[in-house]
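Architecture and fold: a report
Each chain, written out:
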2 protein chains.
Amino acid sequence: MKNNYLKVLFGLIFLALVGCQTSDTDSSDLLVSQKLQQKALSSDLAYELVESLTVEVGPRLAGSEQDLVAVKWAESKLQSLGFDKVYKEAVQVPVWHRGQAKASITAPYPQPLVITALGGSIATPIEGIEANIVRFDSLNALQQASHNEVSGKIVFIDHITERHKTGKGYGKSVGGRAKGAIAAAEKGALAIIIRSIGTDHDRMAHTGMMRYKDGVKKIPAAAMSNPDADLVNAMLKRSNDIKIKLQLSSENQGFATSYNVIAEITGSSKPDEIVLIGAHLDSWDEGTGAIDDGAGVAIVTAAGKLIQDLPVKPARTVRVVLYAAEEVGLIGGKTYAKTHQAELDKHYIAAESDFGAGRIYQIDFRASEQGYAGLSLLSQPMTENNVAIGNNTASGGPDVSMLPAMGVPVASLRQDGSDYFDYHHTPNDTLDKIEPAALKQNVAAYAQFAYLMAQSTVELRPIAAK
Amino acid sequence: MKNNYLKVLFGLIFLALVGCQTSDTDSSDLLVSQKLQQKALSSDLAYELVESLTVEVGPRLAGSEQDLVAVKWAESKLQSLGFDKVYKEAVQVPVWHRGQAKASITAPYPQPLVITALGGSIATPIEGIEANIVRFDSLNALQQASHNEVSGKIVFIDHITERHKTGKGYGKSVGGRAKGAIAAAEKGALAIIIRSIGTDHDRMAHTGMMRYKDGVKKIPAAAMSNPDADLVNAMLKRSNDIKIKLQLSSENQGFATSYNVIAEITGSSKPDEIVLIGAHLDSWDEGTGAIDDGAGVAIVTAAGKLIQDLPVKPARTVRVVLYAAEEVGLIGGKTYAKTHQAELDKHYIAAESDFGAGRIYQIDFRASEQGYAGLSLLSQPMTENNVAIGNNTASGGPDVSMLPAMGVPVASLRQDGSDYFDYHHTPNDTLDKIEPAALKQNVAAYAQFAYLMAQSTVELRPIAAK
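Residues numbered from 1 in each chain as written. Chains lettered and ligands numbered in written order. Predicted model: local features only at pLDDT ≥ 70, side-chain atom pairs only at ≥ 80, totals over all residues. Heavy atoms only, no water.

- An unreviewed UniProt entry annotates chain A as Carboxypeptidase Q originating from Shewanella fidelis.
- UniProt's Subunit (unreviewed entry) comment on chain A is quoted here verbatim: "Homodimer. The monomeric form is inactive while the homodimer is active." (UniProt positions renumbered as here; feature names shortened; annotations may be inferred.)

In C-alpha cells, the structure reads:
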C-alpha cells in the first residue's frame with residue numbers, strides 16, 4: 001500500500017513539474033478515490049443489478065418484446081437509484097427472429113449437429129439445404145479458393161479461436177462469422193456453417209452477427225459447436241464426401257424502436273462537460289445476457305451510483321449510458337454519436353464495459369500524447385485496485401469505438417477475458433459465470449475512473465494518431 | 001518401481017504361506033502383466049475405437065436405428081480385431097422416442113428454460129401443461145409433502161448433485177430422477193421438472209431414465225439445466241407464484257430387438273470358465289456417447305485385444321461383453337444373466353467399465369473373504385499402473401450388478417469420476433472429453449485384471465455378505 005502512495009505522490013510532483021494544472025488532482029481527490037474503492041468492494045449493488053436483469057428480464061434481443069421490458073427495467077432501476085437525471089433516447093433497431101435451427105450430417109455417417117443461426121441470417125427453404133461441404137481453415141483461405149471448389153456446396157470455415165486474456169483470438173477468427181456468407185456466396189456456395197467463434201469445448205454453438213452485402217446473394221449462415229466441428233474434421237479424415245442438411249427458419253422483420261437509457265450525475269462546476277461510462281442493455285437471446293452485457297450494465301450503474309452518493313459531486317457530469325442494440329451492429333452507439341453530435345466536443349472521455357466480469361488489470365487511453373501522460377499520472381490511484389496504467393491505443397469499447405474518429409478521447413478498462421469466449425453468445429451466458437468479487441473490483445475501477453476523469457484538468461485533445 | 005516388485009514378491013511369499021496355490025501366479029504371470037501394461041500404454045487402439053464409434057455411429061439410443069448400426073459396428077470391429085469368437089445375442093429393448101422438449105417460465109418473469117425429457121417420459125398434451133411450480137429440496141422432501149401442497153402443480157425437485165471423485169453425489173440425487181414422477185403423481189402433480197442430476201454449470205439439461213409405477217398416474221417428466229434451476233430459485237426469492245409451461249412430445253413405442261455383442265479369447269486350459277469384462281454399447285441420444293460408454297467399449301475391447309495377441313493364452317476364457325440397452329434399465333445385463341444362467345457358476349469374475357475415461361485409482365472386489373485376500377495379493381502387479389488394492393464391497397458396474405446375487409464374484413475398477421457428471425447424459429458427452437493418456441491407463445488396468453483373473457487359482461466363492 002505505502003509504496004503506491006509514494007508513487008502517486010511522486011506522480012503528482014512530476015505532474016506539477018511538467019506544468020499541468022494540479023488543482024483538481026489534489027489529495028482530497030485521492031481520498032475520494034480511495035473511498036470509492038472501499039465502498040465498491042463492500043457493496044453488493046452490482047451483483048444485485050445483474051441478478052435482477054437476468055432474472056426479471058432475461059434474454060433481450062434488440063427489437064424483441066423483452067428488449068422493451070429491459071428498457072423499462074433500466075429506467076425504473078436508474079430512477080430508484082436516485083440519479084440526478086434519467087432519460088431515454090429512441091434508437092431504430094433491426095428486428096431479427098431466430099426461429100428454428102437444425103442441421104445434421106446425412107452422409108457418410110448420419111448424425112445430428114448442434115448449431116445456431118447467426119444473427120441476421122435468412123432462412124433456408126423449409127425443406128432445408130442439403131449439400132456437400134467444403135472446409136476452409138479461415139475466411140482468408142475461403143477468399144482465396146476458386147469458384148469451382150465452392151460452388152453448389154455448404155462452406156465450413158474451421159477457424160479455431162485461441163484463448164487469450166486479452167480476447168485477441170476472437171479478433172482473429174470472427175471475420176469468418178461476419179463476412180463468411182459474403183465470401184462464400186460470391187463463389188456460389190449454398191450456405192455457410194462456421195466453427196463457433198468460442199474457446200470452449202461445450203456442445204453449444206455461438207451465435208453473433210453476420211453481414212450480407214448489396215449485390216451479393218444472401219445465403220443462410222449458422223455456426224456449429226466446437227465438438228461438432230471436431231466431429232466433422234474426424235469424418236473428413238475418413239471421407240471428402242460429407243453431406244450436411246441445414247434448416248433455418250430465421251427471419252429479418254424490419255425495424256422497431258428501442259432506446260438508449262441514460263442516467264446522469266450532474267457536474268458541480270462543469271455540468272456541460274461529460275464523462276461517459278457505458279454498457280449495452282440488449283443481449284443475445286439464447287442465454288440470459290449475464291456476462292454480455294448484464295455485467296457491464298451493473299458495473300457502470302453501480303459505479304455511477306457511488307458517484308451520485310458522494311457528498312460533493314465532481315466537476316464534470318458523469319453520464320451512464322445503457323446502449324440499445326449493440327449486438328446487432330452497435331446501433332445504440334452509432335445513434336448516440338449522431339444524437340449527441342453537437343455536444344461531442346464536450347465529451348471529455350468515454351469508456352464502455354462490454355467484456356464480461358473478469359477483473360480489470362489495466363487501463364488504456366486514447367488521447368493526445370501529453371493528455372495520455374497526464375492521465376497516466378492522474379490514474380495512479382487505480383493501481384491500488386490492481387489496475388495498471390497501460391498505453392495510448394485504446395478503442396474504448398464497441399459502442400464508443402466510433403467516438404475517437406469524432407475527436408472524443410476514450411479509455412479501455414481491460415478485463416481478464418480468459419474465459420469470456422467460453423460463454424459468449426451461447427445459452428451458457430448465465431449469472432453463475434460471474435464472480436461477485438471480480439464484479440466489485442470492476443465497479444471500483446469504473447467509479448475511480450469516472451470520478452478522476454470528472455475532476456481532471458488534463459487537456460486530452462487532439463487525439464494522437466495511432 | 002523396485003519397491004513395488006518387493007511388495008509383489010512379499011505378497012507371493014505370503015500367498016504361499018497362507019496355503020493358496022501359487023502355481024499360476026508365478027513370475028511369468030508377473031512378466032506378462034508388465035508386458036500388457038507396457039503395450040497398453042503405448043497403444044492408440046482404445047482411442048481409435050472410441051473415435052470410430054462416436055464418429056461413425058454417434059448417438060445410439062437403445063431400440064433406435066442407430067442402435068443397430070452400433071451393433072453392426074461392434075461385430076465388424078471385434079471380427080477385424082481377430083478375436084477367437086465373435087457373436088451376438090438378442091435383447092428385447094423398450095423403444096422410447098425423445099421428440100421435442102420445450103419449457104418456459106410464463107409468470108412472473110417470462111423466460112425460456114433449457115430442459116430435456118427424461119427417458120421413458122410420456123408426452124404432455126400438444127398445447128402443453130401450464131401450472132404453478134412447487135419446489136422441494138429432494139425426493140425425500142417431496143415424499144413427505146401433503147397432497148394439498150402438490151396437487152395441480154408442477155413439481156420441481158431442486159437436489160444439487162455434489163462433485164466427488166467416486167461419483168457418490170449422483171447416488172444421493174438420482175432418486176428424484178428415477179422415482180420423482182411416481183411420488184409427484186401420487187400427490188396429484190401434473191408434471192415434474194427436476195434440477196439436472198449433474199455437477200456442471202453448463203446450460204445443458206441431463207437426461208436419464210425415469211420410472212412409472214403400475215396404478216399410479218403417469219405424468220410427464222423433464223430435467224432443467226443447473227443454471228435454469230438457479231434462475232428458478234432466484235425467482236422464488238421474489239415470488240412464490242411461478243408458472244411454468246411444459247411441452248414434451250416424447251413417446252414410448254413398444255419394443256425392438258437389439259443385441260449384446262460378445263467377443264472371446266478362448267482359455268487355454270479352462271475354456272469353459274469365464275472372466276467377463278464388459279461395457280455398454282448403447283448411449284443416450286443427445287451426445288455421441290463418448291464417455292458413456294464409448295470409453296468403456298474401447299477400454300474392454302482394447303484390453304481383450306491385448307490378451308488375444310498374447311503368445312500364450314491364459315487358462316480361462318476372457319469374454320468381452322458389449323451390452324445392449326444399459327441406459328434404459330440394464331436390459332442387456334439382465335438378459336445376459338438370464339441367457340447365461342446355466343453357466344453363471346462358470347463365471348469366475350465379472351467387471352464392467354461404465355464411468356467414463358478417468359484414471360483407475362483402485363480395484364475393489366466382491367468375493368469370499370479368503371478369495372478377496374487372495375485376489376488382493378494376486379492383483380499387486382496392478383499397483384504398478386497406479387491402481388491401489390481396495391475393499392471387498394464392489395458391485396462390479398451396472399450390467400454385472402445383478403450377478404453377485406447369483407453367486408458370481410465381481411470387481412470394480414474405480415475410475416476418477418470427478419468430472420464425469422459434468423457431461424453425463426448431455427449433448428456434451430463428446431470425444432473431446434476423453435484424455436487419451438487416461439484411456440490407456442484404463443486399458444492397462446483391464447488387460448492386467450483380465451489376464452490375472454484368467455490365470456488365478458484363488459477360490460472366490462461363496463461371496464461374503466456385504
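1. Description of the interface of chain A and chain B
- Taken together, the 32 residues of chain A in the interface contact 32 residues of chain B.
- Counting across the interface, chain A meets chain B through 6 salt bridges.
- A salt bridge links Lys 237 of chain A to Glu 51 of chain B, with the nearest nitrogen and oxygen atoms 3.4 Å apart.
- Put simply, chain A and chain B have 18 residue pairs in polar contact (both at pLDDT 80 or more) between them.
- Breaking the side of chain A that touches chain B down by element, the ones donating at least two residues are α3 (45–57), β3 (111–113) and α8 (226–238) of chain A.
- Of all the elements, α8 of chain A adds the most residues to the side of chain A that touches chain B, at 7 residues. (Contact = heavy atoms within 4.5 Å. Salt bridge = Lys/Arg side-chain N within 4 Å of Asp/Glu carboxyl O. Polar contact = N/O pair within 3.5 Å; in protein donor to acceptor, adjacent residues only side chain to side chain. Helix = DSSP H or I, 4+ residues; strand = E, 2+ residues; numbered from the N terminus.)

2. With respect to unusual backbone geometry
- With an omega of 5 degrees, the peptide bond between Ala 107 of chain A and Pro 108 of chain A qualifies as cis.
- With respect to the helices and strands, Pro 108 of chain A occurs in the loop between β2 (101–107) and β3.
- A cis amide bond links Arg 461 of chain A with the next residue in sequence, Pro 462 of chain A, at an omega value of -5 degrees.
- Tracing the backbone shows Pro 462 of chain A in the segment after α13 (436–455).
- Phi is positive for Asn 386 of chain A, which is not a glycine, with a value near 65 degrees.
- With respect to the secondary-structure elements, Asn 386 of chain A resides in the loop between α11 (369–378) and β15 (388–389).
- Of note, Leu 330 of chain B is a non-glycine position whose phi angle comes to about 55 degrees, a positive value.
- Along the polypeptide, Leu 330 of chain B turns up in the loop between β12 (316–323) and α10 (331–339).

3. Some remarks on the relation of the copies chain A and chain B
- In screw terms, the move from chain A to chain B is a rotation of 180 degrees and a rise of 0.0 Å along the axis, fitting with an RMSD of 0.0 Å. The symmetry that links the two subunits is that of a two-fold axis.
- Both copies present the same face, since 100% of the interface residues in chain A are matched by interface residues at the equivalent positions in chain B. (Least-squares fit on C-alpha atoms with pLDDT ≥ 70 in both.)

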